[in-house]
Amino acid sequence: MKRDIGGTDKRKRLAAKGRKLYGVLLLVCFMSVVSGCKWFTVVKIDEAGNPSAHSGAAAAEAGALDADNYVGTIWNDKVIPYMTDKAADIVAVLKDMKANPDAAAEKYGARQGNFIVKGQGKALSVNRESRAGTMDVDLPPFDGRTDVKIQIGPVIKGTSIRDCLEFIKFDDFKNQVEFAQLSNSINQKVNDDVVNKLDFDTVQNKTVQFMGAFTADSSGEILITPVQLQIAQGGNS
């Protein structure tokens, strides 16, 4: 009896094609199911069952964070009280940082190398060569030299405010993009509500009072992002 070798090979090829087609059909079905799914965002709730004001996710609607709205809801009720409670005298902080940076960080530091500070000084000059404007401030005892710079916008740089707030956690946000949006909204709030309403054209030699945060880095420059800033009416000679 002759073996039907050609027929066997043909059947094998047809079987292989059938398995391949079956695999493709399974993949198509799976993708159809997945595309029909609606992904969800976990929102933390408080004891009353309402979205927690501590969570960035509480400001999210349909999966997208409204960072400006979230910052607006926490600014007066949480940000300002928290920083008021934690703020250390800037003169004492800088003195201790110069003597022992590690000890100063342990004593005064907030998260990620950030410091929450308050104080007053004499405005020496305003720098507006770029949109990231700053004001040079001489701290007591006055010697006519710049001790710190305060951001006056309109562009506010960095993430010092966001990163020093312990009630704001990265895990409360969907991803790095939303976390960055939060910092941008905080900085915009600083520009709109803190510095944009002040007249810096006549600030030279006037006393300024401030509260804010800065990030310690290798440059040694102290660049403070203010959450409160006031300019005295009178000047200092």
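Everything discussed here concerns the structure shown above.
Residues numbered from 1 in each chain as written. Predicted model: local features only at pLDDT ≥ 70, side-chain atom pairs only at ≥ 80, totals over all residues. Heavy atoms only, no water.

Draft legend 1. Spotlight on the pairing of strand β4 (residues 114–127). Buried residues dominate β4, accounting for 10 of its 14 residues. Relative to β4, strand β3 (residues 88–89) is paired through two bridges, and the arrangement is parallel. By the bridge assignment, D89 is partnered in β4 with K118. (Buried < 20%, exposed > 50% of the residue type's maximum accessible area, 1.4 Å probe, protein only. Helix = DSSP H or I, 4+ residues; strand = E, 2+ residues; numbered from the N terminus. Pairing = 2+ DSSP bridges.)

Draft legend 2. Here's a closer look at the nonpolar core. Core analysis: the largest hydrophobic core is formed by 52 residues, its most contacted members being W75, M83, M135, L165, I168, F214 and I224. The dominant element in this core, judged by the number of residues it contributes, is helix α2 (residues 67–86), at nine residues. (Core = buried A, V, L, I, M, F, W, Y, C linked by side-chain atoms within 4.5 Å.)

Draft legend 3. Fine view of the packing of aromatic side chains. Under the definition given, this model contains five aromatic pairs. Arranged with centres 5.7 Å apart and planes meeting at 85°, the rings of Y82 and F167 form a pair that is edge-to-face. A residue pair is termed long-range when its members are at least 10 positions apart, and Y82 in helix α2 and F167 in the loop between α5 (160–164) and α6 (176–195) qualify at 85 residues. One exposure class covers both Y82 and F167, and it is buried. (Phe/Tyr/Trp six-rings, centres within 6.5 Å; stacked < 30°, edge-to-face > 60°.)

Draft legend 4. Expanded view of the pairing of strand β5 (residues 132–138). Among the seven residues that make up β5, six are buried, leaving the element largely enclosed by the rest of the structure. One ladder, built from five bridges, connects β4 with β5; its direction is antiparallel. Counted as the bridge partner of S125 is D136 from β5. In this antiparallel pair of consecutive strands, β4 and β5, the connection spans four residues.

Draft legend 5. Focus on the packing of α2 against α6. As a packed pair, α2 and α6 sit with axes 9 Å apart at the nearest point and diverge in direction by 60°. As the angle between them shows, α2 and α6 are arranged oblique. As α2 packs across α6, the resulting crossing turns out to be right-handed. Along its contact with α2, which presents A67, D68, Y70, V71 and W75, the element α6 presents Q181, L182, S185, I186, K189, V190 and V194. Looking at the contact of α2 with α6, its residues break down into eight nonpolar, two polar and two charged. (Axes fitted to C-alpha atoms, helices over the stretch in contact; angles between N-to-C directions. Parallel < 35°, antiparallel > 145°, perpendicular 65-115°, else oblique. Left-handed = near helix turned anticlockwise from the far one by under 90°. Contact = heavy atoms within 4.5 Å. Nonpolar A, V, L, I, M, F, W, Y, C, P; charged D, E, K, R; others polar.)

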